[in-house]
Amino acid sequence: MNKKDYVDIVSGKTGVSKKEVNLIIDTFVEEIINTLINGDKVMISNFGTFEKSITKPIDVYSPHDGRLLKNVPQIRVRFKSSTFLKTKLKENQF
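Residues numbered from 1 in each chain as written. Predicted model: local features only at pLDDT ≥ 70, side-chain atom pairs only at ≥ 80, totals over all residues. Heavy atoms only, no water.

### Things to note about the side chain of Ser53
Positionally, Ser53 belongs in strand β2 (residues 48–54). A distance of 3.1 Å separates the side chain of Ser53 from the side chain of Arg78, its partner in a polar contact. Apart from the residues lying within four places of it in its own chain, the contact partners of Ser53 are Gln74, Ile75, Arg76 and Arg78. (Helix = DSSP H or I, 4+ residues; strand = E, 2+ residues; numbered from the N terminus. Polar contact = N/O pair within 3.5 Å; in protein donor to acceptor, adjacent residues only side chain to side chain. Contact = heavy atoms within 4.5 Å.)

Written as structure tokens, this is what we have:
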């Protein structure tokens, strides 16, 4: 599913216009991004937790010419699903 599908579903269930639902979803995602930029965790009840992490820089050797390549730290977003979500997925796996 993509964003448009979710906008259609929420609009149909709530009676709110698609334009307003689209704005709400955009604002929600923007706030999640801002929270992660600030280094905080984003916890959504019964869904999971998003957390920003920074990988360690690792120096690797090129297999082609044997030169040492410097790797820079990278930013990753980690997601840990809640127990509730895991249980629901296990119940409905088939």
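### Focus: the confidence of the model for the protein
The pLDDT averaged across the protein works out to 93; a share of 99% of its residues lies at or above 70. When mean pLDDT is taken per element in the protein, strand β1 (residues 42–44) scores highest with 97 and strand β3 (residues 60–61) scores lowest with 84. (pLDDT = per-residue confidence, 0-100.)

### Quick look at the layout of surface pockets
Approximately 210 Å³ is the volume found for the largest pocket. Forming the walls of the largest pocket are Phe28, Val29, Ile32, Ile44, Phe47 and Phe50. Of the residues forming the lining of the largest pocket, the biggest block, 3 residues, is contributed by helix α2 (residues 18–37). (1 Å grid on protein atoms, 1.4 Å probe; cavity = no way out; pocket = protein on both sides within 12 Å on 5 of 7 lines; lining within 4 Å. Points joined across faces, edges and corners; volume = space filled by probe spheres on them.)

### Here's the deal with the packing of aromatic side chains
Considering all chains together, one arrives at 3 aromatic pairs under this definition. When the ring of Phe47 is compared with that of Phe50, the centres are 6.4 Å apart and the planes differ by 35 degrees; the resulting orientation is tilted. Ring centres of Phe47 and Phe79 lie 5.3 Å apart, and the angle between their planes is 50 degrees; on these two criteria the pair is classed as tilted. With Phe47 in the loop between β1 and β2 and Phe79 in strand β5 (residues 75–81), this pair connects stretches of sequence that are 32 residues apart. Connected via pairs of aromatic rings, a cluster forms that spans Phe47, Phe50 and Phe79. (Phe/Tyr/Trp six-rings, centres within 6.5 Å; stacked < 30°, edge-to-face > 60°.)

### Topic: the pattern of salt bridges
For the structure shown, the criterion picks out 6 salt bridges. Between Asp8 and Lys4 there is a salt bridge, with the nearest N and O atoms lying 3.1 Å from each other. With Asp8 and Lys4 both in helix α1 (residues 3–14) and 4 residues apart, this pair spans about one turn of that helix. By relative accessible area, which is 26% here, Asp8 ends up partly exposed. For Lys4, a relative accessible area of 57% translates into the label exposed. Residues Lys18 and Asp8 are paired through a salt bridge, measuring 3.1 Å at the closest nitrogen-oxygen approach. Of this pair, Lys18 sits in helix α2 while Asp8 sits in helix α1, and the two are 10 residues apart along the sequence. Judged by relative accessible area, Lys18 falls into the partly exposed class, the value being 47%. (Salt bridge = Lys/Arg side-chain N within 4 Å of Asp/Glu carboxyl O. Buried < 20%, exposed > 50% of the residue type's maximum accessible area, 1.4 Å probe, protein only.)

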